[in-house]
Amino acid sequence: MAHSHFQDDIVYQIYPRSFQDSDGDGIGDLKGIISRLPYLKKLGVTALWLSPCFVSPMEDMGYDIADYYHIDPIFGTNEDMDELIYEAGKRGMRIVLDMVLNHTSKEHEWFKKGRESVDNPYHEFYIWSKTPNDIQSTFGGSAWEYNEATQEYYFHLYAPGQPDLNWDSQKMREALYDACNYWLEKGVYGFRLDVIENIGKEIDKHIIQNGPTLHERLHELNRNTFGKYDSITIGECWCADHNTRLLYTDPSREELSMVFLFNDWGAFHDPYYGKWKCRPFDPHIYRDIIYARQQTDPAKSWDTIFWNNHDLPRALNRYTDLNYRKEAAKMLFASTLFLRGTPFIYQGDEIGMVNGHFASIKDFRDIEAINHYQILQNMGMSEEEAKAALDKTARDNGRIPMRWNSRKGYGFTKGTPWVDGGKDEKGFSVSEEEKDPTSILSFYKEAIALWKKEPYRTLIREGSFSPDYLEMTDWIAYTRMLNGKRLRVIANFSTNTYPKPDIPGKVLLHNYLEETDQLRPYEVYVFYVD
Ligand code: GLC
């Protein structure tokens, strides 16, 4: 059977370091992922996005690539990747690789050669200046680092070990196309493109995101690589809004299939401390951002639907009251699953994983968290406040090992996990949830099976979207409609209890054991009306 279009995919993100370790070194690997394919198939997902597993010094946990053509030995070999592509394919799942095309590692051959002299042919692959400006690195400090041999500074928007590539160099662009094509030829389904909004930058004018050449470059990338295949591409964009997003996704422009936006997450940032200190969550603000995206021109847009990834603390902690962890985890999934777009499940969402417990600052592993412990203190926080801020916001929260069981090593490793996160409360691991028909995991399986089944499939892919009960500011409620058939979602995104509206039709999905005439904390219903 031919595989359908990307609009029928439901994607599962794997953070390879933390998914499954097969050799006891405390770091997940490709053989580990292969051993868990039967689990993923049972869950029902159709594509697996792997955070980068290429050769890397791991300064930014693999987002610093030193060789686009080889798997890092920590994760396995290229043969393991071939096997993963094949074994996943046999089970109806395709592999999406994470391509970091904005920068490489400073250990990449191109950089090692390019930094030797201005006459080296690889020098033009990177961005240099004799007179650095004041642009700051996302991870803290100046974005410029001195290079003795050429007496220039190189630009790095992220860590000093992540020099930015010069997209104005055609030779450089062609070298990246070759790398992308190498993996496409091997049968990968497509790419998640790391911070792709940065590739049109004009540094002299302080323009990083959404630069003047961005879309021209993306179109060229598309035409030279994935555009020639039946593929899926997801661009990571922190600075696009729901309208500029269409420049990427309008199919006639031949750029990307879809983009990840973060406006919903950014909406709650502190004006001074940014993401390190979030304002209280307000479902109504969140909801309006999501609705605006659903209401843009469907011919030009295709949305992404996700709550978590490896850069975010867990949504359950951020947005919900953990006294209702089970109900809330199911509600988060069901309330947005039926929107128009591609759903992404981040490893552990399906068992209701929450943030880790980091006893001391030494337990954090992420360069961004480690740097910000000091930066936040320089900005005015005390040591305790900085630690407490990291506990809530550090990216390590989303990177703790997958809880396969509740024993030592979590079923993730026989060794010592590279990042831990401590013991969780009972009941929230795969082995416990697999046995429980009322578990979050069982709910995910049921919801995914529905999502894939007709007549719902066509309705979810093609139906119109209209918000309901806008006056209920704690609710996410909407109708999807096609040819008179409707899906109606009503979710209570709060700990309040409300009278439940009387909706005709069949209950397809519900997250409490029994139905009442109320909408209880985090209760969600999905109705089908034909
Ligand atoms: C993206 C990645 C993040 C990484 C950064 C730099 O935002 O998701 O993990 O640190 O790009 O590559």
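Treat the numbers as computed from the prediction; the structure is a model and nothing was measured.

Draft legend 1. Region of the structure containing the pairing of strand S22 (residues 524-529). Across the six residues that make up S22, a large majority, six, are buried. Along S22, one buried face is formed by Val524, Val526 and Tyr528 and the opposite face, lined by Tyr525, Phe527 and Val529, is buried too. Relative to S22, strand S18 (residues 485-492) runs antiparallel, the two sharing six bridges. Bridged to Arg488 within S22 is Phe527. Taken together, the four bridges between strand S20 (residues 506-510) and S22 define a ladder with antiparallel strand orientation. Across the sheet, His510 pairs through a bridge with Tyr525, a residue of S22.

Draft legend 2. Expanded view of the sheet that holds strand S6 (residues 128-129). In spatial order, the strands read S6-S8-S7; together these three strands make up an open sheet with antiparallel pairing. Only two strands of the sheet have a single partner each, and these edge strands are S6 and strand S7 (144-147). In this structure, S6 lies alongside strand S8 (residues 152-155), joined through two bridges in antiparallel fashion. When the bridges of S8 are listed, Ser129 appears paired with Tyr153.

Draft legend 3. Main features of the site of the ligand. The environment of the ligand is formed by 15 residues, the closest being Asp60, Asp194, Glu236, His310 and Asp311. Between the ligand and Arg192, the relevant distance is 2.9 Å, taken from an oxygen atom to a side-chain nitrogen or oxygen of the residue. Taking Arg395, its side chain carries an N or O atom lying 2.9 Å from an oxygen atom of the ligand. For the ligand, whose accessible area on its own is 310 Å², the fraction buried by protein is 97%. Across the shell around the ligand, the residue classes tally to five nonpolar, three polar and seven charged.

Draft legend 4. Up close: the packing of aromatic side chains. According to the stated counting rule, one finds 43 aromatic pairs in the structure shown. Between Phe54 and Trp183 the ring centres are 5.7 Å apart and the planes differ by 55 degrees, which places this aromatic pair in the tilted class. Here Trp183 lies in helix H5 (residues 170-185) and Phe54 lies in strand S3 (residues 54-55), a separation of 129 residues in the sequence. By relative accessible area, Phe54 is classed as buried at 1%. One aromatic cluster is present, formed by Trp49, Trp238, Phe260, Phe262, Phe306 and Phe344 through successive ring pairs.

Draft legend 5. Structural view of the nonpolar core. Formed by 153 residues in total, the largest nonpolar core has its most connected members in Tyr12, Leu40, Leu48, Met81 and Phe191. Among the nonpolar cores identified, the runner-up in size contains 13 residues, and Phe139, Ala143, Trp144 and Ile208 belong to it.

Draft legend 6. Structural view of the environment of Thr438. You can see Thr438 is positioned in the loop between helix H14 (430-434) and helix H15 (440-452). Residue classification places Thr438 among the partly exposed residues on the basis of a relative accessible area of 28%. When the C-alpha positions of Thr438 and Arg36 are compared, they lie 22 Å apart, and in sequence the two are 402 residues distant. When neighbours within four sequence positions are excluded, Thr438 is seen to be in contact with Lys326, Lys330 and Leu513. Of the polar contacts made by the side chain of Thr438, one reaches the side chain of Lys326; its length is 3.1 Å.

About the thresholds
Numbering of residues starts from 1 in every chain and runs along the sequence as written. For this predicted model, a pLDDT threshold of at least 70 governs which residues receive local features, and a threshold of 80 or more governs which side-chain atom pairs are given and counted, while totals over whole chains, interfaces and linings are taken from all residues. Working from all heavy atoms in the structure, the side-chain values ignore hydrogens and water. A simple rule labels every residue: compare its accessible area, found with a 1.4 Å probe on the protein chains alone, to the largest value its type can have, and call it buried under 20%, exposed over 50%, or partly exposed in between. Each helix corresponds to a stretch of at least 4 residues labelled H or I by DSSP, and each strand to a stretch of at least 2 residues labelled E; elements are numbered beginning at the N terminus. Strands pair, by our definition, only if DSSP identifies at least two bridges between them. What makes a residue near a molecule or strand is one non-hydrogen atom of that residue sitting within 4 Å of it. Each polar contact in these results corresponds to two N or O atoms within 3.5 Å; when the atoms are within protein, one needs to be able to donate a hydrogen and the other to accept it, and residues that are neighboring in sequence are counted only if both atoms are side-chain atoms. In short, Shrake-Rupley with a 1.4 Å probe defines the accessible areas, and a residue's cover is counted only from the protein chains shown. Lys, Arg, Asp and Glu make up the charged group, whereas Ala, Val, Leu, Ile, Met, Phe, Trp, Tyr, Cys and Pro make up the nonpolar group; the residues left over, Gly among them, are polar. Any two rings among Phe, Tyr and Trp, with Trp reduced to its six-membered ring, count as a pair given centres within 6.5 Å; such a pair is stacked if its planes are under 30 degrees apart, edge-to-face if over 60, and tilted if neither. Side-chain atoms within 4.5 Å link the members of a nonpolar core, which is a set of buried Ala, Val, Leu, Ile, Met, Phe, Trp, Tyr and Cys residues. A contact between two residues is defined here by any heavy atoms of the two lying within 4.5 Å.

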